[in-house]
Every structure is written in C-alpha cells, then in structure tokens.
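Summary of structural features
Below, each chain spelled out in residue letters.
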2 protein chains.
Amino acid sequence: MTSSSAPLRLYVPNDLVAGVEVDLSPDQARYLAQVMRRGVDDPVLLFNGRDGEWSGGLVGVTKKSAAVLLEQQMRVQEVECDLKLLFAPIKRNPTDLIVQKATELGVSVLQPVITQRTNSDRVKTDRLRAIAMEAAEQCGRMIVPDVREPAALLQVITDWPDDRVLFVMDETGGGDPVADVMAEHVGRNIGAAAFVIGPEGGFADTELDLLRSLPFSKFVSLGPRILRADTAALAALTCWQALCGDWRRGSD
Amino acid sequence: MTSSSAPLRLYVPNDLVAGVEVDLSPDQARYLAQVMRRGVDDPVLLFNGRDGEWSGGLVGVTKKSAAVLLEQQMRVQEVECDLKLLFAPIKRNPTDLIVQKATELGVSVLQPVITQRTNSDRVKTDRLRAIAMEAAEQCGRMIVPDVREPAALLQVITDWPDDRVLFVMDETGGGDPVADVMAEHVGRNIGAAAFVIGPEGGFADTELDLLRSLPFSKFVSLGPRILRADTAALAALTCWQALCGDWRRGSD
C-alpha cells in the first residue's frame, strides 16, 4: 500500500459484483496514479447508481489505466428523494457552484432552462456532468444527478406530472414564506418535488403569469434581501431537505 | 444622465443627511466612472449602517474622485437579526463564498476561528471585508457584516452570553435534525444566534467535547451526505432564516 489515506470513492458505469475486476477510465487512472499517488492493493470504493457501494483494491495502476478488484458491498443502494432543479444558466462560476452544491444537497435532476432573459451560450453540459460526478463521489451519494441538456422553460413544464409540486423562487416578493409553503408538504411523502430559479434579470412578466397559471406551482419567498440565483437555488434545496426531505430522518 | 440603468448602491462610512455632499472612495470613483460609465447627475443609493438608505445624484466624477449630493431617505434603518457565523477558514474560493453568501443570508458577524485542524495562513481579512461590502451593496442590506480578525476557538467561546445559542454543525452525525432543533427557537425572539462550522478535516475530539460541554451549544445534523464546509455554513444560515429569522415575515 503506497498510502494510508482513506479509500477514494469513484463512480463507474459498470455492474458491481464480488470478485469482478472493474476497469476505471483513463481520467480516473491518471487521478489515482499521479494526483493521489495510489498504487496496487490500495483500497477504493465504487458506486454505479444501482448496486450500492462496493470496496475493492487497485490491481494494475499506470498513468493511463487502472482496475479495481471488487471485494464486498459496503452499503446497499438507497432510494433517494426525487428532486428536480430547474435553473436558468448564469455565469460559469455560479453555474458550476449550483451543480456542485445541489449535488451535495441531494438533487436528482439538474435541468438548465432557457428563459427570455437567459444567455444560453454558456451551458457546457459535459463540464457540469463532471462536476456533478465529482461532488457525488465526495459527498457519499449513491447516485450521480442527471444533468440534462438545456431546454426552453415552456418545453420543460409541458407534460408535467400533477403530483410533482413546482416551487417557484419568486424574487418579485409575491410568494409566501418558504417555511410556511413547504410545511404543507411535511410528511405527505409525495416523493417528488421541483424548484425553478430564474436568471439574473429575473423571469419576464409573461413567464411569471405562465408559472402562476400552472396547477402544480407554488410561489415561494426567500426573505427581504435580493439573493443571487445560485444562493436562491441552494436555499430552496436546503429548506426542502431540512423541512420535508432526508435531513429529517431520525426525527420521526 | 449618461446611463438609464438602475441606480448603483454603495456603502459609505459618512453620516447621511439631506443636502450634504458625500465623497466616495477612489475605488468607488473608478468603479463608477470606468466600469459602470456613470456621470454627473446619475442616481446613486447610499447606506452607512446607521442612517437608512439615501438617494442622491453624482456631482463631479473623475477616475479618481466622485461625490454624491444627498437628496432624500428612501428606507429607514432596520433592526436585523443578530447572527454570528464562526467558521474555520478553508481554501480561498470557498472562504470567499462563505462571506459573500452569508452576507446575502443576513449574517451580522463573520468570525474566522482557528481550530486544531485549521490552516490559518490564508485569512486575508481585508479581502473578506471587501467581499462582504460588495455583497451587502448588491443584496440591498442596510449594514455590512462585521468581518473579525481570526481568533482561537477557545478564545471566541470565552465570555459567551448565555442567551446566544450556538448551533454546532456536527459532521460526526451526533446532532439532531436541524429543523427539529431550530423549531424550539421559533417565535422565542431571542434575537441572537450563532453557528459554528468546522474545518475540512472536522473538529478534533477534544474540540467536540469542549463544544458539547457548553451550556449554550446545540448539536445539529445536516442530513446523511457529507457537506463541504461552505455548503454547511450556508445551509445553517438558510435554515435559521427560513424557520426563525426574517424570511418568516409576513407569515405572522
């Protein structure tokens, strides 16, 4: 063992079964060998979003390839909250931040939405997927959130299932306090919620009218200060997890 | 008027009185003239943390100096929640993020604390003060949070007032769900709360024992995932504002 550090945790697409050797990607091999200086027999944890979390040891590590010999399942696959975040892409750093933090906060689907005031040139979905994967690896999640391709707001809310509430973060001050609105959902176990955050310039009036007309939308206020879009996104997810989501476990 | 944009909002230390000319700093003058291309008579909003928010017009703008002729008070000074965030300084970007977002989320005091596992070389208080000021200007706050010089954890919790609860964000999983713990404080109007977030490696056992022994501490869990220190700081403030703080206004 070349290192006594805690085992690294990596996402792989492969099936996870005891005794099987799983090839890692070239990027993962380079990371293990060069950045983290790991070598043969060093422990690794793997997850794939289906088979739980598995321990294993490195077999054959070069700068270009590496594999893990799977030993045993350490955690079973958990059913997570089904949380969808619709966000208008903003500048690169705050968009990266939304993806990283929303992953830590347990989001399932990240859906960039194009609104009237969105500058849509900037969405690099591959980059966002890599950020979500790294955040999932580090925060101990058993899935990597699904980063979707950007789509128009109207398209995203078409064919919306009636039982998925859509919380609209309303910067115009028209919404009710977030704790009051979400309190109505505590213990209902509806299992699915969504949140939509506008672009820096806010939603256009026609978009707000459209969102207000939806039978599944709830307008929410996040207090008297003007929050940046990334702050609002993280605040919405935090409130949900604290009030209705998996941060309540142990309190029932 | 050289621009039709919304008035810029700036913090100044000066007293704000109708009819008085307030000199801006060289940095503010350069920002107005060169970055934002503002000129004589363009509207500006000023606040100083004491006299509310005032409107005025620019008089004399060069790249090095500018002044504002005060017209009238637009908002009176509000009493804000008294919220203290104790955080172990981490890397530069996440530390900057804590300061910016905590300001948006209504923190009053930002106190870097040196813990056993803190790398304390990195705290640039002046830089953090500039970030807090800019965030306060942009989010519409009437004060700039007080960014304190780093101090040892033990020193910070000495002479602590008994009526200020200290929520300890406990990554070891020992705390109760945040919504349950904070629910005990709803409507009590204790007026003052504090939050402490450990460094990336977590608190040392002796530090946890010390924090547990304090009569004013409450250990809080933020769910099953491993949150980064910056995420935990923002989640703690968000939960407080949503459940006990000024995000509830309008719900009483």
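Reading guide: rules and limits
- Residues numbered from 1 in each chain as written.
- Chains lettered and ligands numbered in written order.
- Predicted model: local features only at pLDDT ≥ 70, side-chain atom pairs only at ≥ 80, totals over all residues.
- Helix = DSSP H or I, 4+ residues; strand = E, 2+ residues; numbered from the N terminus.
- Expected span 1.5 Å × (residues − 1).
- Buried ≥ 20, exposed ≤ 12 C-beta atoms within 10 Å, placed from the backbone.
- Contact = placed C-beta atoms within 7 Å.
- Axes fitted to C-alpha atoms, helices over the stretch in contact; angles between N-to-C directions.
- Left-handed = near helix turned anticlockwise from the far one by under 90°.
- Nonpolar A, V, L, I, M, F, W, Y, C, P; charged D, E, K, R; others polar.
- Pairing = 2+ DSSP bridges.
- Core = buried A, V, L, I, M, F, W, Y, C linked by C-beta atoms within 7 Å.
- Domains from an automatic or database assignment.
- pLDDT = per-residue confidence, 0-100.
- Least-squares fit on C-alpha atoms with pLDDT ≥ 70 in both.

1. Quick look at helix α2 (residues 92–104) of chain B
Its 13 residues place the ends of α2(B) 19 Å apart at the C-alpha level, agreeing with the 18 Å of an ideal helix rising 1.5 Å per residue. The complete set of buried residues in α2(B) reads T95(B), L97(B), I98(B), V99(B), Q100(B), K101(B), A102(B), T103(B) and E104(B). Residues of α2(B) that are buried sit in contact with α7 (229–243) of chain A together with β6 (82–87), β7 (109–114), α3 (125–139), β8 (146–147) and α7 (229–243) of chain B. Downstream of α2(B) by one or two residues, G106(B) has phi in the positive range, about 90 degrees.

2. Describing the environment of F195(A)
Residue and element names in this part refer to chain A. The residue F195 is located in strand β12 (residues 192–197) in this model. Sequence separation of F195 and L86 is 109 residues, and the distance between their C-alpha atoms is 5.9 Å. Those residues in contact with F195 that sit more than four places away from it in its chain are L85, L86, F167, M169, A236 and L237.

3. What about the packing of α2(B) against α3(B)?
Residue and element names in this part refer to chain B. At a minimum axis separation of 8 Å, α2 and α3 run at an interaxial angle of 30 degrees. In the packing of α2 onto α3, the handedness of the crossing is right-handed. Across from D96, V99, Q100, T103 and E104 in α2, the residues of α3 making contact are L128, I131, A132, A135, A136 and C139. Residue composition of the contact of α2 with α3, by class: 7 nonpolar, 2 polar and 2 charged.

4. Comments concerning the sheet that holds strand β5 (residues 66–75) of chain B
All names here are of chain B. Strands sit in the order β1-β3-β4-β5-β2 across an open sheet of 5 strands; the sheet is mixed. Edge strands, defined here as strands with exactly one partner in the open sheet, are β1 (8–11) and β2 (21–23). Within the sheet, the average angular offset between the axes of one strand and its neighbour, ignoring direction, is 40 degrees. Sheet topology places β1 next to strand β3 (residues 43–47); 4 bridges connect them, and they run parallel. Paired with R9 across the bridge in β3 is L45.

5. So, the interface of chain B and chain A
Counting residues at the interface gives 33 residues for chain B, matched by 33 residues for chain A. Those elements that provide at least two residues to the side of chain B that touches chain A are α2, α3, β11 (176–177), α5 (178–183) and α7 of chain B. Element by element, the count of residues in the side of chain B that touches chain A is highest for α7(B), at 8 residues. Split into classes, the residues belonging to the side of chain B that touches chain A amount to 14 nonpolar, 9 polar and 10 charged.

6. Looking at the environment of F167(B)
For F167(B), the position within the fold is in strand β10 (residues 165–169). Apart from residues no more than four positions distant in its own chain, F167(B) is found in contact with V181(B), A193(B), F195(B), K218(B), V220(B) and A236(B).

7. Remarks on the nonpolar core
If you look at the biggest cluster of nonpolar residues, it comprises 105 residues, and the most contacted ones within it are A233(A), A236(A), L237(A), A233(B) and L237(B). The residues contacting L237(A), other than those within four sequence positions of it, are L83(A), L85(A), A102(A), L105(A), V107(A) and F195(A).

8. Re the sheet that holds strand β5 (residues 66–75) of chain A
Residue and element names in this part refer to chain A. Across the sheet, which stays open at both edges, the 5 strands sit in the order β1-β3-β4-β5-β2 with mixed pairing between neighbours. Two strands close off the open sheet at either side, each with one partner strand: β1 (8–11) and β2 (21–23). Neighbour-to-neighbour, the strand axes of this sheet turn through a mean angle of 40 degrees, independent of strand direction.

9. Some thoughts on the domain arrangement of chain A
Residues and elements named next belong to chain A. On domain assignment, one finds that chain A holds domain 1 (8–75) and domain 2 (82–248). Computed from C-alpha atoms alone, the centre-to-centre distance between domain 1 and domain 2 is 32 Å. On the domain 2 side, the residues contacting the 7 residues of domain 1 number 6 residues. Per-element accounting of the side of domain 1 that touches domain 2 gives the leading share, 3 residues, to β1. Class assignment of the residues belonging to the side of domain 1 that touches domain 2 gives a composition of 3 nonpolar, 2 polar and 2 charged.

10. A look at the confidence of the model for chain A
Counting all residues, the mean pLDDT for chain A is 91, and 94% of those residues have values of 70 or more. This complex was scored by the predictor with a pTM of 0.93 and an ipTM of 0.92.

11. Side note on the relation of the copies chain B and chain A
Once turned by 180 degrees and shifted 0.0 Å along the axis, chain B lies on chain A with an RMSD of 0.0 Å. Put plainly, the chains are arranged around a two-fold axis. The position closest to the rotation axis in chain B is occupied by the C-alpha of C239(B), lying 3.1 Å away. Looking at chain B, 100% of its interface residues are interface residues in chain A too, so the copies touch through the same face.

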